[in-house]
Amino acid sequence: MNDRLKWKPDGGRTETLELKGQSVTYRAFRNIPYVEHPVCPEHQKMNIFVPEEYFRGESVNGLTVETAPIFLPNAVGAYAAGRADAPGMNFRSWGRDQINALFVALQKGFVVAAPASRGRNSVKESGETAGAAPACIVDLKAAVRFLRHNRDVIPGNTERIISDGTSAGGALSALLGVSGNSADYEPYLREIGAAEERDDIFAAICFCPIMNLEHADMAYEWLLDGLNDYHSLRFRVNEEGTVVGEPYAGTLTPEQEQASRELRAMFVEYVNGLHLCVNGTQELSLDAQGDGTFKDNLVRYLMASAQRALDEGADLSAAPYVTVEGNRVTGFDLRAHMERLQRMKPVPAFDDWEGISAENELFQTETERFRHFTEFGLAHDTGGRSLAEPELIHVMNPMEYADGQNSDVARHFRIRYGTTDCHTSWAIPMIFAETLKQKDPSLDVDFQLAWDKSHCGDYDMDDMFAWAKEISLAD
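Everything numeric in this text was worked out from a predicted model, so none of it was measured.

Each value, and the rule that gives it
- Residues numbered from 1 in each chain as written.
- Predicted model: local features only at pLDDT ≥ 70, side-chain atom pairs only at ≥ 80, totals over all residues.
- Heavy atoms only, no water.
- Helix = DSSP H or I, 4+ residues; strand = E, 2+ residues; numbered from the N terminus.
- Rg over C-alpha atoms; globule rule 2.2 N^0.38 Å.
- Buried < 20%, exposed > 50% of the residue type's maximum accessible area, 1.4 Å probe, protein only.
- Contact = heavy atoms within 4.5 Å.
- Areas by Shrake-Rupley, 256 points an atom, 1.4 Å probe, with all protein chains shown as cover.
- Lys, Arg positive; Asp, Glu negative; His and termini not counted.
- Charge placed at Lys NZ, Arg CZ, Asp CG, Glu CD.
- Core = buried A, V, L, I, M, F, W, Y, C linked by side-chain atoms within 4.5 Å.
- Salt bridge = Lys/Arg side-chain N within 4 Å of Asp/Glu carboxyl O.
- Pairing = 2+ DSSP bridges.
- Axes fitted to C-alpha atoms, helices over the stretch in contact; angles between N-to-C directions.
- Parallel < 35°, antiparallel > 145°, perpendicular 65-115°, else oblique.
- Nonpolar A, V, L, I, M, F, W, Y, C, P; charged D, E, K, R; others polar.
- Expected span 1.5 Å × (residues − 1).
- Arc of directions from axis to C-beta.
- Phe/Tyr/Trp six-rings, centres within 6.5 Å; stacked < 30°, edge-to-face > 60°.
- Polar contact = N/O pair within 3.5 Å; in protein donor to acceptor, adjacent residues only side chain to side chain.

**Q** Residues and numbers for the overall build of the chain, please.
**A** Counting secondary structure elements, the chain contains 13 helices and 15 strands. Compactness check: the chain gives a C-alpha radius of gyration of 22 Å against a globular reference of 23 Å for 475 residues, within 12% of the reference. Referenced to the eigenvectors of the C-alpha coordinate spread, the extents of the chain come out at roughly 65 × 60 × 40 Å. Taken over 475 residues, the chain has a buried fraction of 58%. For the chain, the proportion of contacts with a sequence separation of at least 24, taken over those separated by at least 6, is 71%. Carbon and sulfur atoms form 45% of the exposed surface of the chain, whose accessible area is close to 18800 Å². Side-chain charges of the chain comprise 45 positive and 73 negative groups, with the mean position of each set lying 4 Å from the other.

Right, dumping it as structure tokens:
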């Protein structure tokens, strides 16, 4: 089987791309199938791009064809299918005027492997559904296996694979990072004819990850407690693969207000059951009112974000919830910040009672397009929906693999979430980061809240690729 997945690096095309006064020349290899039995061929292929200098025996940015890390960006948004991306402008609706990370990666000397992947909107030629959980993560694992299976012919270091994703793509990058070689995915990988190789990766870059879905509604209500008016964009993916937002607004009903209180109480119980500690000493916990050391820890991350912005010359006078004394941030009023931002999503934020959210659709079956993924959502169901199987919910949650008990966890994580992003609670990525640190203190976990950033990614690419290069050459 695997011989059919051996890649012959011929037929590549040398391309030069000029954008916004910048230029990069690379060898492009497009539309490479990475599984033997594709269900959706358009979404189970990848593009590979290599700096042209490597074909002349030259180095780029201190990297060579042997030492160059392989940058693995996914193009997933809202858990829909992701296309095999290419160097160019950012195709996402929130960054169209920005050169994308693939272009910059090639400039920095990285080899780029950009896989497409199935998603909740994928269908077979017969019209049958093809992208239900866990198809999206299975495809990314298969792409990693393909690269490693062709380690002798693919330029770059297949032991230095670094994933990158934003939003649902950020969650998949995190999941790819923690679930390496887990037996949970083996039946799905065999079914599509993935290479019999390892699928662990070296590092994961995760921008605004929409993850830990079982607890996301709880965390959202803890953060937005008491804010009842919502002003939002309902996101969907159009025919061109672009994520677009449609505005909607309203006020929570009395039933939703009660559910918000219940979810907040459930989050307190969840946090306290994690027994997370900072520096191995202070336990992160919450009292019945939702206050405590867990909340204090989140405020510390927000203060650190404001301090970095201040150090870089930002004017924080428009942020009255931040206390500045001299050149130091000395306080941050979380409640005042949330009142200024306002609620984005109604109750529930993710496991919709009508069962019609993107996350509900992720757990679809052939006969049921939307399914719940929490008992709370099922208990309040108004659309006649059922609950997804626990094993499917399990394999889509990075938290289930963060302890490394049944998987090989990446050594490096870079997690970013914007301070003006209300798509999910900041508690969600913080819990993931603190769990990684606690379970294995030797891991390199770089978690920051990015000042004044909304729901977007790849906004600090110079720092991002400097970090990726440093860790790749140091280990």
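So that's the structure; there's more coming.
**Q** Requested: an account of the nonpolar core, with residues and values cited.
**A** Judged by nonpolar contacts, the single largest core of 152 residues is most densely connected at I48, F267, F294, F363, M396 and F432. When residues in this core are grouped by element, the largest group, nine residues, is from helix α2 (residues 135–149). Apart from residues no more than four positions distant in its own chain, M396 is found in contact with Y79, A133, P134, C136, I137, L172, L175, L362 and F363.

**Q** Account for the pattern of salt bridges, with residues named and values stated.
**A** Enumeration according to the criterion identifies 28 salt bridges in this entry. The partner of E15 in a salt bridge is R30, with the nearest N and O atoms 2.8 Å apart. Here the residue E15 occupies a position in strand β1 (residues 13–19), and R30 occupies one in strand β2 (residues 22–33), the gap between them amounting to 15 residues. Overall, E15 belongs to the buried group, its relative accessible area being 13%. A salt bridge links R416 to D460; the shortest N-O distance between them is 3.9 Å. Here R416, found in strand β14 (residues 412–418), pairs with D460, found in the loop between β15 (444–450) and α13 (461–474); they are 44 residues apart in sequence, far enough to count as distant. Taken individually, R416 and D460 each receive the classification buried, so the pair is uniform in this respect.

**Q** Tell me what's going on with the sheet that holds β15, and back it up with residues and numbers.
**A** Taken in spatial order, the nine strands line up as β1-β2-β3-β5-β4-β6-β7-β14-β15 in an open sheet, and their pairing is mixed. Because the sheet does not close on itself, it has two edges, and the strands there are β1 and β15. Pairwise comparison of adjacent strand axes, ignoring direction, gives a mean angle of 20° for this sheet. Strand direction decides the pairing type here: strand β4 (residues 69–73) and strand β5 (residues 111–115), joined by two bridges, are parallel. Counterpart to F71 in the pairing with β5 is V112. Against the sheet, α2 engages β2, β3 (45–51), β4, β5 and β6 (157–166), with an angle of about 155° to β6.

**Q** Just give me the short version of the packing of helix α7 (residues 293–311) against helix α12 (residues 427–439), but keep the residues and values in it.
**A** Two numbers describe how α7 lies on α12: the axes approach to 11 Å, and their chain directions differ by 100°. As summarised for this structure, α7 and α12 are arranged roughly perpendicular, according to the angle between their axes. Between α7 and α12, the contacting residues are F294, N297, L298 and Y301 on the first element and A427, M430, I431, E434 and K437 on the second. Counted by class, the contact of α7 with α12 contains six nonpolar, one polar and two charged residues.

**Q** Before we move on, could you go through α13 and cite the residues and values that matter?
**A** Over its 14 residues, α13 runs 20 Å from end to end, which matches the ideal 20 Å to within 8%, given 1.5 Å per residue. What α13 keeps buried is the set M461, M464, F465, W467, A468, I471 and S472. Buried positions in α13, seen along its axis, are confined to an arc of 155° and lie on one side of it. Residues D462, D463, E470 and A474 are exposed on α13 and point more than 90 degrees away from its buried face.

**Q** Summarise the packing of aromatic side chains; cite the residues concerned and give the values.
**A** In this structure the tally under the stated criterion is 16 aromatic pairs. Ring centres of Y185 and Y401 lie 5.8 Å apart, and the angle between their planes is 40°; this geometry places the pair in the tilted category. Placement of Y185 in the loop between α3 (168–178) and α4 (186–191) and of Y401 in the loop between α11 (390–395) and β14 is noted, with a sequence separation of 216 residues between them. Residue Y401 is classed as buried on the basis of its relative accessible area of 3%. Centroid distance F207 to Y459: 5.1 Å. Interplanar angle 75°. Geometry classified as edge-to-face. Of this pair, F207 sits in strand β7 (residues 203–207) while Y459 sits in the loop between β15 and α13, placing them 252 residues apart in sequence. Owing to a relative accessible area of 18%, Y459 belongs among the buried residues under this scheme. These aromatic residues form a ring-pair network of at least three members: W222, F267, Y270 and F294.

**Q** Give me the pairing of β1: which residues, what numbers.
**A** With seven bridges connecting them, β1 and β2 associate as antiparallel partners. Paired with L17 across the strands is V24, a residue of β2. In this antiparallel pair of consecutive strands, β1 and β2, the connection spans two residues, and K20 shows a positive phi of 50°.

**Q** Would you mind going over the environment of F103 in detail, with residue names and values included?
**A** When you line up the elements, F103 lands in helix α1 (residues 101–107). In sequence terms F103 and P87 are 16 residues apart; their C-alpha atoms lie 4.5 Å from each other. Discounting chain neighbours no more than four positions away, the residues touching F103 are L17, L19, Q22, S23, V24, P87 and G88.

**Q** So what's going on with the side chain of N150? Which residues, and what values?
**A** Assignment of secondary structure puts N150 in the loop between α2 and β6. In contact with N150, not counting residues within four places along its chain, are L5, K6 and W7.

**Q** Go over the side chain of E15 with me, naming the residues and quoting the values.
**A** A polar contact of 2.8 Å, which involves the side chain of E15, links it to the side chain of R30. If sequence neighbours within four positions are ignored, E15 has contacts with V24, T25, Y26, A28 and R30.

In short, geometric facts, not functional conclusions.
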